[in-house]
Amino acid sequence: MPRAQRNSGLLQGARVYLSGPMDFVASRAAEKKLGWRNRVSQFLQTMGTTVFDPWFKPDVRGLHEYGREDVKSGERIRQRWTYAGGKAGAKARSWCAKQFWETLHIDLRMVDTSDFTISYCPTNIYSVGTPHEIIMATLQHKPVLFVSPPIVFPVLHELREHLQADARGSELLQRLEMEIPIKENPRGIPSLWYIPLVGGENFFDGFGFAPYRKRFGWKADIPIDRHEKLFPPRRPLLPFIEKLNARLPKKWDSKLNRFVPDDDWLLWDFHTRKIRGKHVESIRR
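Everything numeric in this text was worked out from a predicted model, so none of it was measured.

1. Side note on the overall build of the protein chain
A tally of helices and strands in the protein chain yields 11 helices and 7 strands. Along the three orthogonal principal directions, the C-alpha set of the protein chain runs to about 75 × 55 × 45 Å. Among the 285 residues that make up the protein chain, the fraction classed as buried is 38%. Across the protein chain, contacts joining residues at least 24 apart in sequence account for 72% of those joining residues at least 6 apart. Taken as a whole, the protein chain presents about 18400 Å² of accessible surface, with 56% of it coming from carbon and sulfur.

2. Focus: the nonpolar core
Counting 29 residues, the largest nonpolar core has Trp 36, Ile 118, Leu 145, Phe 207 and Ile 241 as the members making the most contacts within it. For this core, the secondary structure elements donating two or more residues are strand E1 (15-19), helix H2 (36-45), strand E3 (116-120), strand E4 (144-147) and helix H11 (237-246). Residue contributions to this core peak at 5 residues, all from H11. Grouped together as the second largest cluster of nonpolar side chains are 14 residues, Phe 52, Val 111, Ile 134 and Met 136 included.

3. Here we look at the packing of helix H3 (residues 73-80) against helix H4 (residues 86-112)
For the pair H3 and H4, the least separation of the axes is 9 Å and the interaxial angle reads 165°. Between H3 and H4, the angle is such that the two are roughly antiparallel. The two elements H3 and H4 cross, and the hand of that crossing is left-handed. Along its contact with H3, which presents Arg 76, Ile 77 and Arg 80, the element H4 presents Ala 92, Trp 95, Cys 96, Gln 99 and Phe 100. Tallied by class, residues from the contact of H3 with H4 come to 5 nonpolar, 1 polar and 2 charged.

4. Some remarks on helix H7 (residues 167-179)
The end-to-end C-alpha distance of H7 is 18 Å, a good match for the 18 Å that 13 residues give at a rise of 1.5 Å each. Three or more residues of H7 are buried, namely Gly 169, Leu 173 and Glu 177. Along the axis of H7, the buried residues cluster in a sector spanning 80°; they form a single face. For H7, the exposed residues set more than 90 degrees away from the buried face come down to Ala 167, Gln 174, Met 178 and Glu 179.

5. A short note on the sheet that holds strand E2 (residues 50-52)
With respect to topology, 5 strands assemble into an open sheet ordered E2-E1-E3-E4-E5, the strand pairing being parallel. Edge positions in the sheet fall to E2 and strand E5 (203-204), since each has one partner strand and no second. In this sheet, E2 lies alongside E1 in parallel orientation, the contact comprising 3 bridges. Directly across from Val 16, in E2, lies its bridge partner Val 51. Against the sheet, H11 contacts E3, E4 and E5, and its axis sits at roughly 160° relative to E4.

6. Notes on the side chain of Thr 130
For Thr 130, the location among the structural elements is in helix H5 (residues 129-139). A polar side-chain atom of Thr 130 sits 3.5 Å from the main-chain carbonyl oxygen of Gly 20.

7. Thoughts on the packing of aromatic side chains
With the rule as written, the count across this model stands at 14 aromatic pairs. For the ring pair Trp 81 and Tyr 83, a centre distance of 5.5 Å and an interplane angle of 90° mean the geometry is edge-to-face. Here the aromatic residues Trp 36, Phe 43, Tyr 120, Phe 207, Phe 209, Tyr 212, Phe 216 and Trp 218 are joined through ring pairs into a cluster of three or more. Its end group placed over the ring of Trp 95, Arg 80 keeps NZ or CZ at 4.1 Å from the ring centre.

8. Description of the pairing of E4
Residue alternation in E4 divides its side chains into two sets, Val 144 and Phe 146 and Leu 145 and Val 147, and both sets are buried. Across 4 bridges, E3 lies against E4 in parallel orientation. Pairing of Ser 119 across the sheet is with Phe 146, part of E4. Regarding topology, H5 serves as the crossover connection from E3 to the parallel E4, and that connection is right-handed.

9. Topic: the pattern of salt bridges
Evaluated as defined, the whole model comprises 11 salt bridges. One salt bridge connects Arg 168 with Glu 171, and the closest N-O pair in it is separated by 3.4 Å. Taken as a pair, Arg 168 and Glu 171 lie in helix H7 at a separation of 3 residues, close to a single helical turn. We classify Arg 168 as partly exposed; its relative accessible area is 49%. Note that Lys 251 and Asp 263 form a salt bridge whose closest N and O atoms lie 4.0 Å from each other. On the criterion of sequence distance, the pair formed by Lys 251 in strand E6 (residues 250-253) and Asp 263 in the segment after strand E7 (258-261) is long-range, its members being 12 residues apart. For Lys 251, a relative accessible area of 32% corresponds to the partly exposed category. Salt bridges here are not isolated pairs; linked through shared partners, they connect Arg 39, Arg 213, Asp 221 and Asp 225.

Thresholds, definitions, all that
- Residues numbered from 1 in each chain as written.
- Predicted model: local features only at pLDDT ≥ 70, side-chain atom pairs only at ≥ 80, totals over all residues.
- Heavy atoms only, no water.
- Helix = DSSP H or I, 4+ residues; strand = E, 2+ residues; numbered from the N terminus.
- Buried < 20%, exposed > 50% of the residue type's maximum accessible area, 1.4 Å probe, protein only.
- Contact = heavy atoms within 4.5 Å.
- Areas by Shrake-Rupley, 256 points an atom, 1.4 Å probe, with all protein chains shown as cover.
- Core = buried A, V, L, I, M, F, W, Y, C linked by side-chain atoms within 4.5 Å.
- Axes fitted to C-alpha atoms, helices over the stretch in contact; angles between N-to-C directions.
- Parallel < 35°, antiparallel > 145°, perpendicular 65-115°, else oblique.
- Left-handed = near helix turned anticlockwise from the far one by under 90°.
- Nonpolar A, V, L, I, M, F, W, Y, C, P; charged D, E, K, R; others polar.
- Expected span 1.5 Å × (residues − 1).
- Arc of directions from axis to C-beta.
- Pairing = 2+ DSSP bridges.
- Polar contact = N/O pair within 3.5 Å; in protein donor to acceptor, adjacent residues only side chain to side chain.
- Phe/Tyr/Trp six-rings, centres within 6.5 Å; stacked < 30°, edge-to-face > 60°.
- Lys NZ or Arg CZ within 6 Å of the ring centre and 35° of its normal.
- Right-handed = clockwise from strand over helix to strand, strands pointing away.
- Salt bridge = Lys/Arg side-chain N within 4 Å of Asp/Glu carboxyl O.

As structure tokens, then:
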């Protein structure tokens with residue numbers, strides 16, 4: 001991995017949280033080992049950025065292993081969950097809430113101490129924690145860089161063709177599509193609530209990993225690589241971050257009908273020669 005640069009860009013010393021589904025992904029083990037967070041983390045660290053990855057939570061002083069997750073942590077909670085009444089049911093649900101409270105607590109604290117958030121939000125994956133994190137960052141006027149890739153199901157189309165001569169099979173497939181539901185999103189349009197929440201200039205339809213794979217040694221093909229080969233991002237995230245490291249982005253002002261400075265981008269400068277407060281003095285030593 002390329003070495004981190006020092007004092008070379010705006011993102012030197014910045015902190016970023018990597019938000020996105022962890023529970024209802026195809027494989028938690030694969031997501032932790034080879035998921036998008038690993039690559040984005042490497043990419044950001046070369047700019048001297050501190051990355052908060054919920055798969056690899058930072059140590060907490062005095063609270064060993066606080067909030068740590070593994071690939072089976074959610075399953076242990078589901079096994080204990082019950083809707084039963086009485087003391088036994090209340091005790092089981094209380095245990096489940098306590099077990100996941102640590103995860104919720106430390107993840108939101110990472111959002112709170114970050115300068116901005118990167119959120120991966122495919123419209124076909126159910127998630128609750130990710131919207132919570134996005135809303136928290138937005139309420140604090142922190143930028144959220146939002147990745148919403150195109151969603152298509154080629155196997156679904158193949159299955160439809162395969163069942164054309166099977167009336168009962170076609171009916172069952174159609175009912176299944178309604179029950180799940182299965183909804184394609186070939187343009188990668190984000191859920192509409194996110195659009196005013198995040199802001200128009202912070203949306204991306206992919207990461208754009210391909211041009212950087214040789215530089216960072218990303219040899220393993222992951223599902224996102226195959227997806228972005230079929231659907232090359234028109235607005236990829238990684239080139240945007242490279243430009244961000246050199247110059248702050250602007251936002252569109254519909255009243256003035258032009259781009260204006262985006263004051264959500266507040267990146268602290270603790271390396272200035274002029275000390276502007278005792279609270280940052282120790283950082284410079």
